[in-house]
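Chains, contacts and geometry: an overview
This is what each chain is made of:
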Amino acid sequence: MTDTQAVPRATLKKMYAAMLRIRRFEEKVARLISLNEIICPCHLYIGQEAVAAGVCANLRQDDWVFSTHRSHGHYIAKGGGLKGLMAELYGKADGCSGGYGGSMHLAAPEIGLPGSSAIVAGTVPLAAGAALAFSLQKKDSVAVAFFGDGAVDEGVWYETLNFASLKKLPVIFICENNLYSTHMPLSACLADTAIAKKAAAFGMPGVCIDGNNAFEVYNTTQKAVADARRGKGPALIECLTYRWLGHVGPNDDLDKGLRGKKEVRAWMRKDPVNRLETELLKQRVISPDYKDKLAREIDAEIAAAYAFAQAAPYPDVKQAVGRVFK
Amino acid sequence: MMRTLSYAQAIREALEQMLREDEKVFLIGQGVTSPWYVGATTTGLVDRFGSERVIDTPVSESGITGMAVGAALAGMRPVLVHPRLDFMYYAMDQLANHAANWHYMFGGQLSVPLTVWGIINRGGEQAAQHSQALQAVFMHLPGLKVVMPSTPYDAKGLLIAAIKDDNPVVFIDDRWLYDLSGEVPEEIYNVPLGKGIVRKRGADITIVSISYMATEALAAAAILTKRHIGAEVIDLRSLKPLDEAIILKSVKKTGRLIVADGGWKTGGIGAEIVSRVAEKAMIYLKAPPRRVALPDTPAPASRVLEECYYPKARDIVAAAAAIMQEGQ
């Protein structure tokens, strides 16, 4: 681990709490999917927690993040409540999208999450557009586009990076490179798999970092966010990480032969949550007591979210049709 | 006496006044600083408002449309121009999946106050990829409003209404209308979205027309008058929301219907309007309705082929004559 001293202790604790909250919440969601309690397709984030937490620890509430089909981690790291998220996964009226969005379409404008899109690369231009708005409004807010490696296959990704760099927009492009685009390994999708290097074609800084190292994600993003706030334009940060589970749902896809047990195990040894926890204990940023207490608090929060979601009402069926326009 | 402007000048005035009136408004798209892309509709705006608010863009229709959606979410009121409507197919994902769905998909928490202005550029031997009138494509999608003004007055008023609306509005105009002149008030005014207008009264046959075809419908009505056939000409102006009431009221009076649209016949505007009349006013019909529209064929280049490809007043007159005969 690198550069821990540079990160304020409160920030380290905040990142750790966000990662643990994502991990434990998703483990619960995976069980609920297996029990057929949650029906809507969930693309789980387990294994990638350091990216969302490391990036969002640098952001203010008036900075916006745009998310993808794999959106739970971003929602939680940006400060979204677990009750609203769990209720949304249940399709309930008290969900963060009122039961109209489901797992792939989360929004919480009050925390700076104007929405996630299931269309691959779909929110990449939206983030640049929000950044354009911020600069027209003379605000120093930044926008972040989270996307997977599969988004780099889409044309709109190139269009957006070009325009964002051309106009020096305050937008950070965060690639969560988990090595697979649904079932396809990266090498079968991209002629040149060095995603960060593509930034050079747009005259934009691009770096490839260890996405399982929360410090590295935090520090790299911190510089990019500071530059963007100062009008120095966008940056591309490629975070190498791995989803422990399959593309969608609670299983690991090993049975389908899409990837090898050895590969999954090797990445599980690089567990970002465990890694940060070990380091913070070693550096006495947290104590074992603190860790246990935090875990209990998070579990209680998840239990409360679960109870809330179960008890919440379904949306009014009379509202199924209409409400298309404001 | 009100002053007269061309259709293109009316659009330019709406843009200039809204840029001046509301700092949330900005103009973005290909050719907004070009001498030829968008006719005379944006002339001088960049000098007046600067390249921050009048943004000429690379040929990246999908990306730029997405950025306009994002800017709208973040509190702006972008006016996005696609100077050749054909290229809007590139923008479909951002319009259909994102702009149109955003309000509903997140339980009404957010809206996209975006005006997407697309220009139909047919004629002049431009052929299949520079001539398409895609209004039916946009009309099909829940979450988009669609307007097509046919007069300078409506061009200004509907564009202003579109910019002020809190939802994504597709504003489609037709270069064949750009030199048309008419009275245009100097002040900022709205032509309400979703309201058609009766351009000419008549008791015998209803002609529902859209955009440029409204001018052909009025020409046809003049010819029909000489033949003692009273045509009532409706200019629909908005395709979505659709002013169903104005259509039904007229058809109940005349008992005869023609829909004149510059798009393709199959799955087009005429198909929708005839269906609505069949659902709600069929018993009033004295003869089967007719659609005057494009054949299900891409646009040809050669002027002799163009001449028979695009429907004109003569086609509306022929349809009216046939209906009157059938209804005897």
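All values derive from a computational prediction rather than experimental measurement. (Residues numbered from 1 in each chain as written. Chains lettered and ligands numbered in written order. Predicted model: local features only at pLDDT ≥ 70, side-chain atom pairs only at ≥ 80, totals over all residues. Heavy atoms only, no water.)

Bringing the environment of B:Y89 into the picture now. All names here are of chain B. Relative to the assigned elements, Y89 resides in the loop between β4 (77-82) and α4 (92-99). By relative accessible area, which is 41% here, Y89 ends up partly exposed. Once the C-alpha coordinates of Y89 and L134 are considered, the two residues, 45 residues apart in sequence, prove to be 9.1 Å apart. Those residues in contact with Y89, other than ones at most four positions away along the chain, are Q132, L134, V137 and W264. (Helix = DSSP H or I, 4+ residues; strand = E, 2+ residues; numbered from the N terminus. Buried < 20%, exposed > 50% of the residue type's maximum accessible area, 1.4 Å probe, protein only. Contact = heavy atoms within 4.5 Å.)

It is worth spelling out the packing of aromatic side chains at this point. All names here are of chain A. Taken as a whole and judged by the stated rule, the model has 15 aromatic pairs over all chains. Residues W64 and F134 carry aromatic rings whose centres are separated by 5.8 Å and whose planes lie at 85° to one another, so their mutual orientation is edge-to-face. Here F134 lies in helix α5 (residues 123-136) and W64 lies in strand β1 (residues 64-66), a separation of 70 residues in the sequence. The exposure classification of W64 matches that of F134, with both residues buried. Seen from their ring centres, Y242 and W267 are 5.2 Å apart, and the 5° between their planes marks the pair as stacked. Within this pair, whereas Y242 is found in the loop between β7 (235-240) and α8 (261-268), its partner W267 is found in helix α8, the two being separated by 25 residues in sequence. In terms of burial, Y242 and W267 fall into one category: buried. (Phe/Tyr/Trp six-rings, centres within 6.5 Å; stacked < 30°, edge-to-face > 60°.)

Attention now goes to the packing of helix α1 (residues 9-34) of chain A against helix α4 (residues 82-89) of chain A. Residue and element names in this part refer to chain A. The geometry of α1 relative to α4 is characterised by a closest axis approach of 12 Å and an angle of 25° between their N-to-C directions. Regarding the angle of α1 to α4, the classification is roughly parallel. At the point where α1 passes α4, the crossing takes the right-handed sense. Every residue of α4 that contacts α1 at R21, F25, K28, V29 and L32 is listed here: L82, L85, M86 and L89. Counted by class, the contact of α1 with α4 contains 7 nonpolar, no polar and 2 charged residues. (Axes fitted to C-alpha atoms, helices over the stretch in contact; angles between N-to-C directions. Parallel < 35°, antiparallel > 145°, perpendicular 65-115°, else oblique. Left-handed = near helix turned anticlockwise from the far one by under 90°. Nonpolar A, V, L, I, M, F, W, Y, C, P; charged D, E, K, R; others polar.)

This part is about the environment of B:V277. All names here are of chain B. With respect to the helices and strands, the residue V277 is situated in helix α10 (residues 269-281). Between the C-alpha atoms of V277 and H140, which are 137 residues apart in sequence, the distance is 18 Å. Excluding anything up to four places from it in sequence, V277 contacts I247, L248, V251, L257, M282 and L285.

Residues and elements named next belong to chain A. For the coordinates displayed, the defined rule picks out 38 salt bridges over all chains. For K282, the salt bridge is made with E279, and the minimal N-O distance between the two is 3.8 Å. Taken together, the residues K282 and E279, both in helix α9 (residues 272-282) and 3 residues apart, mark about one turn of the helix. Accessibility expressed as a relative area gives 11% for E279, which makes it buried. (Salt bridge = Lys/Arg side-chain N within 4 Å of Asp/Glu carboxyl O.)

Turning next to helix α7 (residues 152-164) of chain B. In a regular helix each residue adds 1.5 Å, so 13 residues correspond to 18 Å; α7(B) covers 18 Å between its end C-alpha atoms and thus fits that length. Among the 13 residues that make up α7(B), 11 are buried, leaving the element largely enclosed by the rest of the structure. (Expected span 1.5 Å × (residues − 1).)

What follows is about the sheet that holds strand β5 (residues 115-120) of chain B. All names here are of chain B. Here we have 7 strands laid out as an open sheet, ordered β3-β2-β4-β5-β7-β6-β12, and mixed in their pairing. Taken across any chain shown, the strands that pair with only one partner, and hence form the sheet edges, are β3 (54-56) and β12 (238-240). Ignoring which end each strand starts from, the neighbouring axes of this sheet average 20° apart. Pairing geometry for strand β6 (residues 145-147) and strand β7 (residues 169-174), over 3 bridges, is parallel. In the strand pairing of β7, V146 is matched with V170. Against the sheet, helix α3 (residues 61-73) engages β2 (25-29) and β4, with an angle of about 165° to β4. Each of β2, β4, β5, β6, β7 and β12 is contacted by α7, which is oriented at about 160° to β7, the strand it contacts most. (Pairing = 2+ DSSP bridges.)

Looking now at the state of the cysteines. Residue and element names in this part refer to chain A. Within this structure, the stated rule accounts for 0 disulfides over all chains. C40 supplies the cysteine sulfur nearest to C42, a cysteine that is in no disulfide, at a spacing of 4.4 Å. For C42, a relative accessible area of 2% translates into the label buried. (Disulfide = S-S within 2.5 Å.)

Attention now moves to the pairing of strand β11 (residues 231-235) of chain B. Residues and elements named next belong to chain B. Of all the 5 residues making up β11, 5 are buried; the element is thus mostly covered by neighbouring parts of the structure. Relative to β11, strand β9 (residues 197-200) is paired through 3 bridges, and the arrangement is antiparallel. The residue of β11 that forms the bridge with K200 is V233. Bridge count between strand β10 (residues 205-209) and β11: 5 bridges; the pairing is parallel. Paired with I205 across the strands is A231, a residue of β11. Traced from β10 through helix α8 (residues 212-226) to β11, the parallel crossover comes out right-handed. (Right-handed = clockwise from strand over helix to strand, strands pointing away.)

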